[in-house]
Amino acid sequence: MTARLRGGPLVLATPAAAGLLLFFVAPLAAFGVYSFLTGALYEVKPPFTLGNYEDVFAGNLNGKLARNSLVVGLLSATVCVAAALPMAYWLRYASGRRRTVALFLIVASFLASYLVRIYAWRSILGENGVINRALEGVGVISEPLGFLLYNRFAVTIALVHIFLSYVVLVLYAALAPLQASYLEVAQDLGAGRLQRWRRVVLPLVAAPALSAFLFVFVLSASDYVTPQFLGGTNGALLGLEVQVSFIGTGDYAYGAAIAFCMLASFVVCYALIALGLRLTRLDKVRFAT
Amino acid sequence: MSGGRRSPLAGTFTLVGLVFLWAPLALMALFSLHATASLSFPFEGFSTRWYAQVLDSPEVRSAARNSLIVASATAVGTLVLGTLAAYGLTRSRSRLRGPLTLLFFLPITLPGLFLGVAMLVGFRRAGLSLSLLTVTIAHLVYVFPFFFMVARAALARLDPALEEMAMDLGADRFTTFRRVTLPQVWPVLVGAACLAFALSFDEFVITFFVIGPDSTLPLYVWSSLRRTIDPSINAISTLLLLFTTLLFAITVLLASWGERRRKGRTAEAPLGLVPAAVERAG
């Protein structure tokens, strides 16, 4: 009987494993090889070269796009985590019915279409949008405010809207083991409000909050659709350059090189955060449930 | 609940957050019923003309049909492959478990942009021409980790004694799975398949690269966004929002029903389905 239990059932996982090797790992490897080949129109050719990577770092444009990506990514991730923390805390201690309603609204908005949100923000911030029309209607302004749309601010606000509910859900799950009694004990031992947050709540959420931060940062910095519709020329991000290389100019090798530079920098961010958590010993915080 | 830990400040924050999340969507739903094309107050009357325009458009219909085909194929495919994989991994003690689990989680760590372009390169190398089939394959890779995480958690929670008893009484593995395991977990699995359907139905970032000449609803919305401000997008968007909310409500009901059947008590686990999935994603 034990012989049947061992190893056998794993066979059931082979179709999925084969599928992922064939359609995920292999394409990714081919993609990596592409970045070292010579690009032709929608094609790559044999001589191996580092030229694509040299091209990535040569232009001024990529520097500007990388800065934009960094700013927008950091800003969206910071705002999301900072706003999600009190929301998750409230959800943790809210009473039954209110919590269920709030949770339903948050999860339902989490599932709301990505393009629909981008469209909604464009119709709010645009020259003929809700804000400008309202201000004109009241008579505060006579010309539409052009600075609302087509910049990094517009991109950031839409990205925060897209990722906020996700971060709330992650932090809510992280706070689940936080019994009210822990905070009461800390209070009885003389810890003030600030100290209770710093010594009890923060250690518990540090690792999940940072992983959510990284998640939002990576997805925002690599987004190509939001900047396309809300960013204009000032709010363009690096992801757009990858998209254009694959769909517009057809320079696969160059596009692959940019993509791998982005991936490499994300991996560095991940390593830095993991290292920071280990040094501050926040990576192994566990509360008894 | 655990009283005495409510913070009015956090409560205000939550309210502001919820308004921020829902106001843009509510405005859009409101303007989808506007009689004129303008996005301004005061309202110039209600009308369902944008909905009529959307529902009559052959482009929208064919895009919606394609979206339904791809999302259904993705949901069914993930349900089968993911259940097999999660069952195999939770019931095995092989040393390959670790590497396989990593492989099953991996696609979630890669932003859609990279997944999309890598798959475009892969399909071209393999000589597959871009079609709804390539879109479905890409969606399967994309949603697999989400389904796998939920399915694995549900299967790992089960009491192993029940399955062992069935096998000791002479049932083979398949019969045990069908008669003992499946009745306990199927609502969660179907709920997770609904989540897979919703994710696939809305997917744009990856789809854009691997679709070829066909169109899906997100692709249609994208191309209308490129053209100009078209008020019928409000109507499509509202319909999409209603559809995903409905799907989510079904997921919650199924999962909560399954949870009650399993535990005999009402748990908040169903609403935790998505948080649990995203927590492990992060």
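Residues numbered from 1 in each chain as written. Chains lettered and ligands numbered in written order. Predicted model: local features only at pLDDT ≥ 70, side-chain atom pairs only at ≥ 80, totals over all residues.

Further remarks concern the overall build of chain B. The helix and strand inventory of chain B stands at twelve helices and zero strands. Going from the N terminus to the C terminus, chain B shows its helices and strands as α-α-α-α-α-α-α-α-α-α-α-α. In chain B, which comprises 282 residues, the share counted as buried stands at 46%. Partitioning the contacts of chain B with sequence separation of at least 6, the portion at a separation of at least 24 is 76%. (Helix = DSSP H or I, 4+ residues; strand = E, 2+ residues; numbered from the N terminus. Buried ≥ 20, exposed ≤ 12 C-beta atoms within 10 Å, placed from the backbone. Contact = placed C-beta atoms within 7 Å.)

Our next topic: the interface of chain A and chain B. On the chain B side, the residues contacting the 83 residues of chain A number 76 residues. It is helix H2 (residues 14-34) of chain A that contributes the most residues to the side of chain A that touches chain B, 13 residues altogether. Taken together, the residues of the side of chain A that touches chain B break down into 63 nonpolar, 17 polar and three charged. (Nonpolar A, V, L, I, M, F, W, Y, C, P; charged D, E, K, R; others polar.)

Time to look at the domain arrangement of chain B. Residue and element names in this part refer to chain B. As far as domains go, chain B holds domain 1 (8-47) and domain 2 (57-281). Taken together, the contact between domain 1 and domain 2 spans six residues of the former and six residues of the latter. Along the lines of polarity and charge, the residues of the side of domain 1 that touches domain 2 split into five nonpolar, one polar and no charged. (Domains from an automatic or database assignment.)

Assignment of secondary structure puts Leu-70 of chain A in helix H4 (residues 60-93). When the C-alpha atoms of Leu-70 of chain A and Gly-146 of chain A are compared, they prove to be 24 Å apart, with 76 residues separating the residues in sequence.

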